[in-house]
Amino acid sequence: MSEPRTLLQIDHVSKNFGRVTAVDGISLDIRENEFFALLGPSGCGKTTLLRMLAGFETPNDGRILLDGRDIARTPPNKRPVNLMFQSYALFPHMSVRANVSYGLEMERLPAAEIRERVDAILATTELVPFADRKPEQLSGGQKQRVALARALVKRPRLLLLDEPLGALDKKLRGAMQLELKRLQHEVGITFVIVTHDQEESLVMADRMAVLKDGKLLQCDTPHAVYEYPADRFVADFIGVMNFVPGKATADGVLAANGARIAGKLPATLSPGATAVASVRPERIRLFPKAQTANRISGTVEALAYQGLDLQLHVRTPLSPKPFLVRVTADAADRRPVSAGDTIELGWDAADVRIFKD
Amino acid sequence: MLPKREATSMAERSPATRRALWLVLSLVFAFLYIPIAVLVALSFNEGGLPTAWSGFSLKWYVSLTGNSEILSAALNTLIVALISTAIATLLGTLLAIGIEMRRQYGKGLEALIFAPMIIPDIVLAIALLSFFSMLNLTMGLHTIILAHVVFNLAFVCSVVRARLKSFDWSIVEASADLGASALTTFRRVTLPVILPAVIAGALLAFTLSVDEFIIAFFTAGAGRASTTLPMQIYAMIRFGITPEINALATIVMAVSITALTLSQRFNRGIIGQ
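What comes next is a walk through the structure. Being a predicted model, the structure only gives us computed values, none of them experimental.

Contact residues are listed per partner, giving 22 residues for chain A and 18 residues for chain B. Here chain A meets chain B over a buried area of about 1700 Å², counting both sides, of which 58% is carbon and sulfur. The largest share of the area that chain A buries against chain B comes from Asn77(A), Tyr102(A) and Met106(A), three residues that together contribute 29% of it. Where chain A touches chain B, the interface holds 2 salt bridges. In this structure, the connection of chain A to chain B is made through 10 residue pairs in polar contact (both at pLDDT 80 or more).

Another point: the sheet that holds strand E7 (residues 158-162) of chain A. Residues and elements named next belong to chain A. In space, the 6 strands of this open sheet follow the order E6-E7-E8-E3-E9-E10, with mixed pairing throughout. Both edges of this open sheet fall to strand E6 (81-84) and strand E10 (215-220), since each of them pairs with a single strand only. With strand direction ignored, the average angle separating the axes of adjacent strands in the sheet is 20°. Here 5 bridges tie strand E9 (residues 207-212) to E10, and the two strands are oriented antiparallel to one another. Pairing of Ala 209 across the sheet is with Cys 219, part of E10. Together, strand E3 (35-39), E6, E7, strand E8 (190-195) and E9 form the strand contacts of helix H1 (residues 46-54), whose direction differs from that of E7 by roughly 145°.

Residues and elements named next belong to chain A. Sheet topology places strand E11 (residues 242-249) next to strand E12 (residues 252-255); 4 bridges connect them, and they run antiparallel. Bridging across to E12, Ala 248 finds its partner in Val 253. Counted between consecutive antiparallel strands, the loop separating E11 from E12 contains 2 residues. Bridge count between E12 and strand E13 (residues 260-262): 3 bridges; the pairing is antiparallel. Considered in E13, the bridge of Val 253 is made with Ile 261. In sequence, E12 turns back onto E13 through a hairpin of 4 residues, with Gly 258 there showing a positive phi of about 95°.

Here we take up the packing of aromatic side chains. Residue and element names in this part refer to chain A. By the definition in use, this model includes 14 aromatic pairs over all chains. With a centroid separation of 5.4 Å and an interplanar angle of 45°, the aromatic rings of Phe 35 and Phe 191 are classed as tilted. Of this pair, Phe 35 sits in strand E3 while Phe 191 sits in strand E8, and the two are 156 residues apart along the sequence. Taking the ring centre of Tyr 226 as reference, the NZ or CZ of Arg 280 above it sits at 3.9 Å. One Lys or Arg, Arg 335, reaches over the ring of Phe 287 and ends 3.9 Å from the middle of that ring.

Here is what the cut-offs are and how they apply
- Residues numbered from 1 in each chain as written.
- Chains lettered and ligands numbered in written order.
- Predicted model: local features only at pLDDT ≥ 70, side-chain atom pairs only at ≥ 80, totals over all residues.
- Heavy atoms only, no water.
- Contact = heavy atoms within 4.5 Å.
- Buried area = accessible area lost by both parts, 1.4 Å probe.
- Salt bridge = Lys/Arg side-chain N within 4 Å of Asp/Glu carboxyl O.
- Polar contact = N/O pair within 3.5 Å; in protein donor to acceptor, adjacent residues only side chain to side chain.
- Pairing = 2+ DSSP bridges.
- Helix = DSSP H or I, 4+ residues; strand = E, 2+ residues; numbered from the N terminus.
- Axes fitted to C-alpha atoms, helices over the stretch in contact; angles between N-to-C directions.
- Phe/Tyr/Trp six-rings, centres within 6.5 Å; stacked < 30°, edge-to-face > 60°.
- Lys NZ or Arg CZ within 6 Å of the ring centre and 35° of its normal.

As structure tokens, this is what we get:
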């Protein structure tokens with residue numbers, strides 16, 4: 001596969017409101033036709049960054065290049081970029097059809113073309129039966145689809161989505177995640193989504209950027225971010241992680257209780273530094289083989305049955321918090337475990353990630 | 001099952017207490033509405049005497065139409081009310097939008113805008129009179145219109161602002177995002193959504209203007225040309241209350257009540273949204 005073209009270049013962009021720095025020198029490239037996620041806790045600057053892409057905020061510093069042209073100071077109505085608002089922001093006095101055709105009317109397209117394009121997008125988003133309804137007569141999921149149709153019908157170079165699934169219940173959210181993916185593929189438009197839900201970005205994004213305090217921590221594929229987090233914050237924020245605090249050694253981390261966790265030390269850490277070793281719950285095995293690099297025994301404190309798998313809370317001397325271990329239901333059936341049991345946990349050195357603490 | 005609270009408290013009251021409460025309520029309403037009812041009734045009284053009912057008649061209303069002074073005063077009132085309402089509605093709506101969009105400029109600005117609603121009419125009347133004289137303006141209908149704009153603007157602004165409190169500003173951004181200019185956004189999105197409040201504010205302003213006496217009296221200047229209806233009634237009443245005045249007052253009241261009812265209808269429509 002050839003390297004995809006860069007569509008949007010965010011170049012050392014900063015934004016402050018008074019003394020508060022919301023976005024602090026972020027640089028990012030977003031590629032043509034990709035599904036890109038901006039992820040971070042609330043207040044990390046992701047929404048401000050999105051609003052700068054839409055044109056509702058102007059950066060204090062830096063450039064925003066769309067197809068190589070700086071649009072940082074272009075007003076929102078003059079950019080080939082559309083935003084799907086978190087609140088959906090549907091026009092309450094207009095029907096679904098009027099909401100969707102509004103943006104095309106602004107382009108002064110011929111009525112016949114507007115009609116054709118609106119019909120097509122209403123069909124794609126399965127809104128045809130609701131075309132004459134007012135927003136107040138729609139369910140949350142339907143409103144969300146109208147907001148999406150209204151933005152997509154403009155065929156923007158870039159579609160921005162601000163927490164698009166935040167207002168939906170969990171089940172609908174799962175369905176809409178896949179639906180958004182499908183739509184993005186179908187319309188061939190670059191999507192940039194803002195979310196605080198790490199699971200959502202793992203499921204939907206081709207690449208994702210993790211932000212904290214206005215700074216970019218990591219930008220990569222979901223797989224890379226999950227498997228090779230850039231720092232402790234990212235490791236903790238994305239998915240679930242077990243941490244063992246201690247001191248860095250040449251071949252791992254020396255835990256407070258004297259146990260050694262084997263793992264590869266990153267180049268940025270030198271032996272003796274305060275460090276934390278970490279391992280994902282699904283990488284831990286019960287009843288490990290004797291040659292497994294890292295082994296520890298602990299007491300099962302609690303079990304949480306989750307259908308597909310079983311989550312164990314295991315108290316060990318390695319860390320103040322109990323270890324979280326995920327075992328497939330299948331494995332749990334073969335060798336049942338119950339609360340109070342003493343069991344041995346094991347994981348490979350290759351599954352250990354070590355960070356500065 | 002728990003008994004309803006209202007039911008309990010009603011039961012606790014003795015029948016005598018309840019009867020007494022009803023009596024007080026009736027007296028209050030009687031005090032409020034008997035004078036108005038009498039006025040309306042007398043306007044239809046054939047004989048025209050306040051002391052005796054001599055049969056139903058519309059003759060006083062008919063005789064109003066022959067009174068050129070009253071007709072010209074009514075026309076003046078209509079001109080003042082319509083023009084001052086139009087100006088106040090336009091400016092008051094824009095002001096309300098401006099304040100709500102830039103709410104961070106604080107309460108000081110708000111107080112300044114609502115002062116005309118709170119300052120006693122007589123003070124406002126004197127202030128406007130001195131101001132117009134200072135500017136060497138010839139008094140007339142135009143000065144009454146300007147004066148009415150001053151307080152009507154505050155009322156329109158407050159009605160529209162109440163609506164804007166629940167206004168979703170993201171639809172304004174959405175409109176810009178979809179390619180609309182600021183003017184198009186106002187015309188196609190903002191105005192249609194707040195229109196019920198704008199109409200309610202306009203009807204309120206119209207009502208206030210129609211029966212406003214003190215400020216009009218001070219800013220009308222000399223001469224009969226700029227006499228409004230309330231001023232005309234005041235002039236007539238110095239020679240005693242005639243049945244014609246009753247008829248005129250009834251009409252003014254009907255217009256006011258109609259406008260106010262409509263205004264509230266529109267406002268309720270907003271709350272329902």
